[in-house]
Amino acid sequence: MIRTILIHPDPRLKKSCDPVSEITQEVHLLAADMLETMYDAPGIGLAAPQVGVMRRVLVMDCIKDGPPRPMVLINPTVVWMSEDLTTYEEGCLSIPEQYAEVKRPAEVKVQWTALDGSAQEEQFSGLWATCVQHEIDHLDGKLFIDYLGPLKRQMITRKMEKLKRERARGV
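Predicted, not measured: the structure shown is a model, and the values here were computed from it.

(A) Layout of the pairing of strand E2 (residues 57–60). Both faces of E2 are covered, namely the face carrying Val-57 and Val-59 and the face carrying Leu-58 and Met-60. Pairing geometry for strand E1 (residues 45–47) and E2, over three bridges, is antiparallel. When the sheet's bridge partners are listed, Leu-46 is paired in E2 with Val-59. Of the strand pairs in this sheet, E2 and strand E3 (residues 71–81) are connected by four bridges, and their pairing is antiparallel. Bridge pairing in E3 places Met-60 opposite Met-71.

Dropping the structure here:
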């Protein structure tokens, strides 16, 4: 089922999420819905708080050409990051049509729990590294615009407030 994506500013997007204590049917359903919502949007990553669920779950798939590689990360943690930084122009499904360059570690090693309950670890680089860091930030109540200067952040926030008013009026 495609879920509604929250638009900034929504207070839920600024809250830290609770860990998933056990992988239930509800978590499986959430992950399936999040993947469907992400692909429909279309996006390359989506975190549970973006669909109003305050749990540490994210999905991502950064494959543009070729067979998809949907990933579900439960309780993800960055356990290592490179000193090298990279800059990507980031966007966010909760901040539609707004983009800005964000500097992050070029590579990260992440540990998480898979849907089958197994412990996973992978080192990500390139777009995958940027995406997983962006989504983990969501789980900690942080948005990509929080890396920007105050003026640019305020300008984007005002645009999102206007977009939400227009959507509420059905414009």
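Having seen the structure, we can now continue with the description.
(B) Looking closely at helix H1 (residues 25–40). Taking 1.5 Å of rise per residue, 16 residues should cover 22 Å, and H1 covers 22 Å from first to last C-alpha, within 8% of that figure. As for H1, its buried residues are in contact with E1, E2 and E3.

(C) Highlighting the sheet that holds E2. If you trace the five strands from one edge of the open sheet to the other, you get E1-E2-E3-E6-E7, paired in antiparallel fashion. The open sheet terminates on both sides in strands that have one partner only, identified here as E1 and strand E7 (119–125). Taking each pair of neighbouring strands and ignoring which way they run, the sheet shows an average axis angle of 40°. Along the sheet, H1 contacts E1, E2 and E3; its crossing angle with E2, the most-contacted strand, is approximately 40°. Where helix H2 (residues 126–139) meets the sheet, it contacts E1, E2, E3, strand E6 (107–113) and E7, and its direction lies at approximately 155° from that of E2.

(D) Spotlight on the environment of Leu-58. Looking at the element boundaries, Leu-58 is found in strand E2. Residue Leu-58 is classed as buried on the basis of its relative accessible area of 0%. The contact partners of Leu-58, leaving out residues within four places of it in the chain, are Met-34, Leu-46, Ala-47, Met-71, Val-72, Leu-73, Pro-76, Val-132, Glu-135, Ile-136 and Leu-139.

(E) How the structure looks around the pairing of E3. For E3 and E6, the ladder comprises five bridges, and the chain directions are antiparallel. When the bridges of E6 are listed, Met-81 appears paired with Val-108.

(F) Representation of the nonpolar core in the model. Counting 17 residues, the largest nonpolar core has Leu-58, Met-60, Met-71, Leu-73, Val-110, Phe-124 and Val-132 as its most contacted members. Ranked by residues supplied to this core, first place goes to H2 with six residues. If we skip the residues at most four places from it in the chain, Met-60 touches Met-38, Ile-44, Gly-45, Arg-69, Pro-70, Met-71, Leu-73, Phe-124, Trp-128, Cys-131 and Val-132. Core analysis: the next-biggest nonpolar cluster, separate from the first, contains 16 residues, Val-27, Leu-30, Leu-46 and Val-53 among them.

(G) Focus on the side chain of Ser-94. Note that Ser-94 resides in the loop between strand E4 (85–92) and strand E5 (95–105). A distance of 3.0 Å separates a polar atom in the side chain of Ser-94 from a polar atom in the side chain of Gln-50.

(H) Spotlight on the pattern of salt bridges. Applying the stated criterion across every chain, the model contains eight salt bridges. Glu-166 is the salt-bridge partner of Lys-162, the closest N and O atoms lying 3.7 Å from each other. Here the residue Lys-162 and the residue Glu-166 both occupy positions in helix H3 (residues 150–169), the gap between them amounting to four residues, near one helical turn. Exposure remark for Lys-162: the relative accessible area of 46% places this residue in the partly exposed category. Ionic contacts of the salt-bridge type, sharing partners, join the residues Glu-90, Arg-104 and Asp-137 into one network.

(I) Structural view of H3. Between the first and last C-alpha of H3 there are 29 Å, a value that for 20 residues agrees with the 28 Å anticipated at 1.5 Å per step. Burial in H3 covers these residues: Ile-156, Thr-157, Met-160 and Leu-163. Looking down the long axis of H3, one finds its buried residues gathered within 120° of arc, a one-sided arrangement. For H3, exposure combined with an orientation more than 90 degrees from the buried face picks out Pro-150, Leu-151, Arg-158 and Arg-169. Considering only its buried residues, H3 is in contact with E5. Positive phi appears at Gly-170, one or two residues downstream of H3, with a value of about 80°.

Reading the values: rules and limits
Residues numbered from 1 in each chain as written. Predicted model: local features only at pLDDT ≥ 70, side-chain atom pairs only at ≥ 80, totals over all residues. Heavy atoms only, no water. Buried < 20%, exposed > 50% of the residue type's maximum accessible area, 1.4 Å probe, protein only. Helix = DSSP H or I, 4+ residues; strand = E, 2+ residues; numbered from the N terminus. Pairing = 2+ DSSP bridges. Expected span 1.5 Å × (residues − 1). Contact = heavy atoms within 4.5 Å. Axes fitted to C-alpha atoms, helices over the stretch in contact; angles between N-to-C directions. Core = buried A, V, L, I, M, F, W, Y, C linked by side-chain atoms within 4.5 Å. Polar contact = N/O pair within 3.5 Å; in protein donor to acceptor, adjacent residues only side chain to side chain. Salt bridge = Lys/Arg side-chain N within 4 Å of Asp/Glu carboxyl O. Arc of directions from axis to C-beta.

By themselves, these observations are geometric and do not establish any function.
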